[in-house]
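Now for the letters of each chain:
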Amino acid sequence: MEMVSVGLSADDPVPSHAPLEAGDAELVRRAQLGSAAAFEELVVAFGPRIYRYLVLRLRDEASALDALQETLAAAWQGLPSLKQPGKFWPWLLGIAAHKAADSGRDRLPTRDDDLELPGPDEEGVLEIREALFALPAHFREVLLLRYFVRLSEEEVAEALGLRVGTVKSRSARARKALLELLG
Amino acid sequence: MRRGRSEIDQRRIGQLLARLGRRVPTPPEHELRALARTAAEKERAPATEPGRRRPWRPLHLRWGVAVAVALLVGSGFGFGVGSRSGEDGAAGTRVVGFGFLPSKGWNVVQSGTVGATGTAHAVAANVSLSADDPASDLPYETLRRLPSNGAVIVAELSPRGAKGRDSLFRPRRAPLHLAEAAPDRLPDALAATNVVALRLRSGVSGHNVDARIFLGAPPSPESSASVDEQLRRLIVAPSAVTLVVQPPIIRSTSDRMTIFGSVSSGEAGKKVTIQFKACGLQPPQFRDAFETTTGEGGGFSLEELRPFNLGVSGVYRAVSGGEVSAEIRVQQRVAVYMRPLGGGRFQVWVGGKVSFWRRFVLLQRFERRRGVWITMRRLVLAESFAQGYSARFRPRVPRGTQLRAVMPLSQARPCYLEGYGPIFRT
């Protein structure tokens, strides 16, 4: 199996994937037992990362906010059935991925009103945005989970309901397609 | 060389996406909190019967309401426990319940059994409980303001038999004593307080009792005596036989089932028979399905069972020494299969322990643009095939279309839940 660290800079908004910290695990456990306060803290901790993922996946902030709301509602309902609190993060992303797919927006052709990014075009960010949004939805989906959110191949497979081999081949083809678009 | 190139590509893509992600604005914290509160407002569906609303909300009761309920329940409970034995010591009507009876100067709150695991929560405190504390969690608000003479006991009671967990709970005889408790790590939320945390895990009457004891100051003879008095009033009065079956819905042939539970006598080596009453079986009656014996503390468990061998929804119960547990319902999804026959034709069939003759499945195609499944037609199961009934069809769809067959609940009931077949690409 090919395991690669994708080493990002220290100010990366998505910290490298790691097991939940002890405090987070306790929050998950309390939320499973019905603590709305603990669930709120989890949302504050993990919500921004999920939201960024959804924005890039759906190319639209309003759709991402809707999908985030649906994700949180489903997560609250499903938390008691989460057998391993340590897998809360990939589990939550799996829900978000399915809610994004349910919205169907990521499968629409690119539109003029797709995500606008504030600020000047530093370091070719707009070019990356256009290349990412031009990819087919299933390529974008796997790229974001694998390299933006940085789940392992096994976790991506579990989140999307695919086989690990499919994730590997799809992410390789998606990488190639993205780099070709970027020249 | 190729591998090195791949690593460079992956690192570059990670950096590009991170750069893009940094430019995406995120909702402010207050908006995230509002989203979380909205999500948590909706009552959780009970795990045992998804789709049906729970008639009351024990997990969300606030203390103010809960205390009032507890007084009512507690008084009834007190009469019940009192009626358990007469002057001659003979047992009366058996009382079943878990929780604290209040000691003098103490308040108690208890949930009763909750969820598919039969877990019960009970809290006792010699201070007023805060109205901001949720009933099913540690009472953090109360603990943050705990005075030096304050004491709070939070107990969680669950049936023995869950492997790997029972070993943490040493069998003991009631009443429990503070002296047997071990120091415990203080939750992070209480790190800034002087609260002292102790934990007492015990196997009592076939149940695991996890008592977390919080004191406002290190234990003194007075506080120990007060806590012991309240622990003496911890009631663990389960049914003679407790049974838990998980999961409550069997989804596929790969699902495995766990059955566990306990006998209230706490005896080891007692024979326990698990019986199953299958839906559709005539005459409807329980038949022996599994047999096991209890371990230390009265727990028993059967793991990695293949529920599909029994093949149909039904009801489980456990029998031991003439005592019978409550009945536990387990539902099963119907098995739907599909295979290509060649020449653009497919066969769909449905298997089960009951007849599906002349019932129908829905043939659906995936609409990629909208991301939804569209029903194309009904396929009536008229051919006998393997252990079920089948239908053949030739889909008129563009090449590459994803297809699946679904048996809706209206056709699968009463002995099955709806079932979904595998997805095929034409």
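Everything numeric in this text was worked out from a predicted model, so none of it was measured.

Participant: Explanation requested: the overall build of chain A in the structure shown.
Facilitator: The helix and strand tally for chain A stands at 8 helices and 0 strands. Going residue by residue from the N terminus, the α and β elements of chain A occur as α-α-α-α-α-α-α-α. When burial is assessed residue by residue, chain A has 56% of its 183 residues classed as buried. If you take every contact in chain A between residues at least 6 apart in sequence, the share linking residues at least 24 apart comes to 67%. Per element, the accessible surface of chain A, about 7600 Å² overall, is 52% carbon and sulfur.

Participant: Explain the state of the cysteines to me, please; I cannot follow it from the model alone.
Facilitator: Any covalent bond linking the sulfur atoms of two cysteines counts as a disulfide. Residue and element names in this part refer to chain B. Counted according to the given criterion, the structure contains 1 disulfide over all chains. Two residues share a disulfide in this structure: cysteine 279 and cysteine 415, whose sulfurs sit 2.1 Å from each other. Linking cysteine 279 and cysteine 415, the disulfide has an S-S dihedral of approximately -70° and is accordingly described as left-handed. Of this pair, cysteine 279 sits in the loop between strand E13 (271-278) and strand E14 (287-293) while cysteine 415 sits in the loop between helix H6 (409-412) and strand E26 (419-420), and the two are 136 residues apart along the sequence.

Participant: How do you make sense of helix H5 (residues 221-232) of chain B when you look at a structure like this?
Facilitator: Each turn of an α-helix holds 3.6 residues, which means side chains three or four residues apart point in the same direction. All names here are of chain B. Under the 1.5 Å per step criterion, the end-to-end length of H5 is 16 Å for 12 residues, consistent within 8% with the ideal 16 Å. Every buried residue of H5 is accounted for by Ser223, Ser224, Val227, Asp228, Gln230 and Leu231. Angularly, the buried residues of H5 cover 160° about the axis, an arc narrow enough to put them on a single face. In H5, the exposed positions angled more than 90 degrees off the buried face are occupied by Pro221 and Glu222.

Participant: What should I look at first to understand the confidence of the model for chain A in this one?
Facilitator: The predicted coordinates of low-pLDDT regions are not to be read in fine detail. A residue-level look at chain A finds 77% of positions with pLDDT of 70 or above and a mean pLDDT of 79. Of all the helices and strands in chain A, helix H5 (residues 125-134) of chain A carries the lowest mean pLDDT, 82, while helix H8 (residues 164-182) of chain A carries the highest, 91.

Participant: Looking at this structure, I do not really get unusual backbone geometry. What am I missing?
Facilitator: Working note: non-glycine residues mostly have negative phi, and peptide bonds are mostly trans. The omega torsion of the bond from glutamine 246 of chain B to proline 247 of chain B falls at -5°, within 30 degrees of zero and hence cis. Within the secondary structure layout, proline 247 of chain B lies in the loop between strand E10 (241-246) and strand E11 (249-250). Cis geometry marks the peptide bond from arginine 413 of chain B to proline 414 of chain B, where omega comes out at 10°. When you line up the elements, proline 414 of chain B lands in the loop between H6 and E26. Phi angles above zero are rare outside glycine, and arginine 150 of chain A is one such case at about 60°. Among the structural elements, arginine 150 of chain A can be located in the loop between helix H6 (137-148) and helix H7 (153-160). Given the relative accessible area of 14%, arginine 150 of chain A is considered buried.

Participant: Looking at this structure, I do not really get the confidence of the model for chain B. What am I missing?
Facilitator: Residue and element names in this part refer to chain B. Scored by pLDDT, chain B comes out at a mean of 78, with 84% of its residues at no less than 70. Of all the helices and strands in chain B, helix H3 (residues 63-82) carries the lowest mean pLDDT, 44, while strand E25 (residues 402-407) carries the highest, 92. With pLDDT under 50 throughout, residues 67-93 is counted as low confidence; its partners more than four residues away or in other chains account for 24 contacts.

Participant: What am I meant to see in the side chain of aspartate 210 of chain B here?
Facilitator: All names here are of chain B. The residue aspartate 210 is located in strand E8 (residues 207-215) in this model. Looking at aspartate 210, its side chain comes within polar contact range of the side chain of arginine 199, at 2.7 Å. What aspartate 210 contacts, discounting residues up to four positions off in sequence, is Val154, Ala155, Glu156, Phe169, Arg199, Leu200 and Arg201.

Participant: Please clarify how the packing of helix H2 (residues 36-58) of chain A against H6 of chain A should be interpreted in this entry.
Facilitator: When two helices pack together, their arrangement is given by the angle between the helix axes and by the axis-to-axis distance. Residue and element names in this part refer to chain A. Contact geometry of H2 with H6 gives a least axis separation of 10 Å together with a crossing angle of 150°. In terms of their interaxial angle, H2 and H6 are classed as roughly antiparallel. Crossing geometry of H2 relative to H6 is assigned as right-handed. Listed contacts from H6 to Arg52, Tyr53, Leu56 and Arg57 of H2 are Arg140, Glu141, Leu144, Leu145 and Phe148. When the residues that make up the contact of H2 with H6 are grouped by side-chain class, the tally is 5 nonpolar, no polar and 4 charged.

Participant: Quick question: what am I supposed to make of the sheet that holds strand E12 (residues 257-263) of chain B here?
Facilitator: Strands belonging to one sheet form pairs held by backbone hydrogen bonds; the direction of such a pair is parallel or antiparallel. All names here are of chain B. Read from one edge to the other, the open sheet built from 3 strands follows the order E10-E12-E15, with strand pairing classed as antiparallel. On the outer flanks of this sheet lie E10 and strand E15 (299-305), each paired with one strand and no other. Along the sheet, successive strands turn relative to each other by an average axial angle of 10°, direction set aside. Taken together, the 5 bridges between E12 and E15 define a ladder with antiparallel strand orientation. When the sheet's bridge partners are listed, methionine 257 is paired in E15 with leucine 305.

So, how was this worked out
Per chain, residues are indexed from 1 in the order of the written sequence. Lettering for chains starts from A, numbering for ligands starts from 1, and both go in the order in which the items are written. Given that the model is predicted, a residue must reach a pLDDT of at least 70 before its local features are reported, and side-chain atom pairs must reach 80 or more before they are shown or counted; all residues, however, enter totals for whole chains, interfaces and linings. Neither water nor hydrogens contribute to the side-chain values; these are computed over all heavy atoms in the structure. Helix and strand assignments come from DSSP, with helices taken as H or I runs of at least 4 residues and strands as E runs of at least 2, each series counted from the N terminus. To sort residues, take the accessible area from a 1.4 Å probe on protein chains only and compare it with the maximum for the residue type: under 20% means buried, over 50% means exposed, and anything in between is partly exposed. Residues are treated as being in contact if the distance between any of their heavy atoms lies within 4.5 Å. Only the protein chains shown count as cover for residues, with accessible areas throughout obtained via the Shrake-Rupley method and a probe of 1.4 Å. Whenever a pair of cysteine sulfur atoms sits within 2.5 Å, that pair is classed as a disulfide. By this rule the span expected of a helix is its residue count minus one, scaled by 1.5 Å. The directions considered for the arc run from the helix axis to the C-beta atoms. Each residue carries a pLDDT score, the predictor's own confidence in it, on a scale running from 0 to 100. By the criterion applied in these results, polar contacts are pairs of N or O atoms within 3.5 Å in which, for protein atoms, one can donate a hydrogen and the other can accept it, and in which residues neighboring in sequence qualify only through two side-chain atoms. Lines fitted to C-alpha atoms define the axes, with helix axes restricted to the stretch in contact, and inter-axis angles between N-to-C directions lie between 0 and 180 degrees. Between 65 and 115 degrees an angle is taken as roughly perpendicular, under 35 as roughly parallel, over 145 as roughly antiparallel, and anywhere else as oblique. In a left-handed crossing the near helix is turned counterclockwise from the far helix by less than a right angle, and in a right-handed crossing that turn is clockwise. In this count, Pro and Cys sit with the nonpolar residues alongside Ala, Val, Leu, Ile, Met, Phe, Trp and Tyr, while Asp, Glu, Lys and Arg are called charged and the others, Gly among them, polar. Any two strands with at least two DSSP bridges between them are considered paired.

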